Amino acid sequence: MKKRQIISASRRTDIPALYGKWFMNRIEEGWGIKYNPYNKKAKIISLKPKDVDLIVFWSKNYRPFLECIEDLNKKGYNLFFHYTITGVNRKLETNIPMHKETIETFKIISNKFSPKHIFWRYDPIIFTRYDSFNTYLETFNNICQELEGYTERCYISFANIYGKVFKRLKDNRISLNEANEEIKKKLANQLVEIAEKYNIQLYSCCNEFLINDKIQKASCIDVNLYKEIFDIEADKYKKAPSRKGCGCFESIDIGLYDTCSYQCLYCYANNSKNKIMKNIDLHDPFYPALHKGIDVNAKEMLKDIPKEFNEQLSIFDIIQ
């Protein structure tokens, strides 16, 4: 019996905000592409409801995707949502909607499903001359007030300042304010006190030094919670950490790096503006991958194509 999968859409780019039409085309055809950015290999995966336990979405703006959510729900897919709302200075998140608008969209999704179906992500936390310790406390409190009763969990993490992120911040004349672990712990402990007032449990994503009796270790792909909500077989999924401290279980991510036009300055998933613009130019909502820079070679992939997809082999002949 074929194993059902958890589909992640996506840690690598904002599919709900930017690529809804492409995603729904993949759903209609019943298959998509899993691409490994390290070994450059692509593999066909089934997106048919009978082969998918659930779809986990990640976004900073679900507003353009609301009709798609309605359609997916009618088709019988189990859906789960990560929603990032930070309220940080606009210089870091120039292109996303104001957080007051995203909060309203958050409430729409929560009301449609339940507070268990949607996580609030208040991450990454990054100290700059625009975003200080007290700024984060104030913003967090304001968002908590709005989201009380609409979610049960908030995931936090402090930004990893990769070389490309440091350069991007420097190029945009944004200076970092260094913070050691003690300062980060102090902030997290004050955040959890605020969250408790609004019945929201705080979780630490990949920052294990923050974990204590009040802040739990995060699993962004949390099969035990999915078992509670959707009655999936949690035991069949293995732990699959993406980096140190990650508590996630295995899933299949169908996104691609360097495709998010939001271009948040702290983002690890983008390398350069030029790469993003090039890939956006190569995007075709009817292509199996997010852009045509990914060589989807039919001959190499034939062995992976299930019998029910045979009628679609001509598509691969066209795109070779």
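All of these numbers come straight from a predicted model, not from anything done at the bench.

What counts, and at which threshold
Residues numbered from 1 in each chain as written. Predicted model: local features only at pLDDT ≥ 70, side-chain atom pairs only at ≥ 80, totals over all residues. Heavy atoms only, no water. Helix = DSSP H or I, 4+ residues; strand = E, 2+ residues; numbered from the N terminus. Rg over C-alpha atoms; globule rule 2.2 N^0.38 Å. Buried < 20%, exposed > 50% of the residue type's maximum accessible area, 1.4 Å probe, protein only. Contact = heavy atoms within 4.5 Å. Areas by Shrake-Rupley, 256 points an atom, 1.4 Å probe, with all protein chains shown as cover. Lys, Arg positive; Asp, Glu negative; His and termini not counted. Charge placed at Lys NZ, Arg CZ, Asp CG, Glu CD. Pairing = 2+ DSSP bridges. Axes fitted to C-alpha atoms, helices over the stretch in contact; angles between N-to-C directions. Parallel < 35°, antiparallel > 145°, perpendicular 65-115°, else oblique. Left-handed = near helix turned anticlockwise from the far one by under 90°. Nonpolar A, V, L, I, M, F, W, Y, C, P; charged D, E, K, R; others polar. Arc of directions from axis to C-beta.

(A) Structural context of the overall build of the protein. Scanning the protein from terminus to terminus reveals 11 helices and 10 strands. Relative to the 2.2 N^0.38 estimate, which gives 20 Å for 320 residues, the radius of gyration of the protein is 20 Å and therefore close to what a compact globule would have. Dimensions along the principal axes, computed over C-alpha positions, put the protein at roughly 60 × 45 × 35 Å. Within the protein, the fraction of its 320 residues that count as buried is 53%. Of the contacts made within the protein by residues no fewer than 6 positions apart, 73% connect residues no fewer than 24 positions apart. Within the structure as shown, the protein displays about 15500 Å² of accessible surface, and the carbon and sulfur contribution to it stands at 47%. Across the protein, the mean location of the 50 positive side-chain charges is 5 Å away from that of the 41 negative side-chain charges.

(B) Quick look at the sheet that holds strand S4 (residues 52-59). Read from one edge of the open sheet, eight strands run S9-S8-S7-S6-S5-S4-S1-S10, paired in parallel fashion. Each end of this open sheet is capped by a strand with a single partner; those strands are strand S9 (216-217) and strand S10 (252-253). Here S4 runs beside strand S5 (residues 79-84); their pairing, made up of five bridges, is parallel. What sits directly across from Val56, in S5, is Phe80. On top of the sheet, helix H5 (residues 133-147) reaches strand S6 (118-125), strand S7 (153-158) and strand S8 (201-204); it is set at about 170 degrees to S6, its chief contact.

(C) Looking closely at the packing of H5 against helix H7 (residues 181-197). Orientation of H5 relative to H7, taken along the N-to-C sense of each, is 20 degrees, at an axis distance of 10 Å. What the angle tells us is that H5 and H7 run roughly parallel. In this structure, the crossing between H5 and H7 has a hand that is right-handed. Residues Phe133, Tyr136, Leu137, Phe140, Asn141 and Cys144 of H5 lie in contact with H7, whose contacting residues are Ile183, Lys186, Leu187, Gln190, Leu191, Ile194, Ala195 and Lys197. Grouping the amino acids of the contact of H5 with H7 by side-chain chemistry returns 10 nonpolar, two polar and two charged.

(D) View of helix H8 (residues 223-230). Taken together, the buried positions of H8 are Val223, Leu225, Tyr226 and Phe230. The buried residues of H8 occupy an angular sector of 150 degrees when the element is viewed end-on, so they sit on one face. The inward-facing, buried residues of H8 abut strand S1 (5-9), S4, S5, S6 and S7. Asp231 lies just past H8 and shows a positive phi near 60 degrees.

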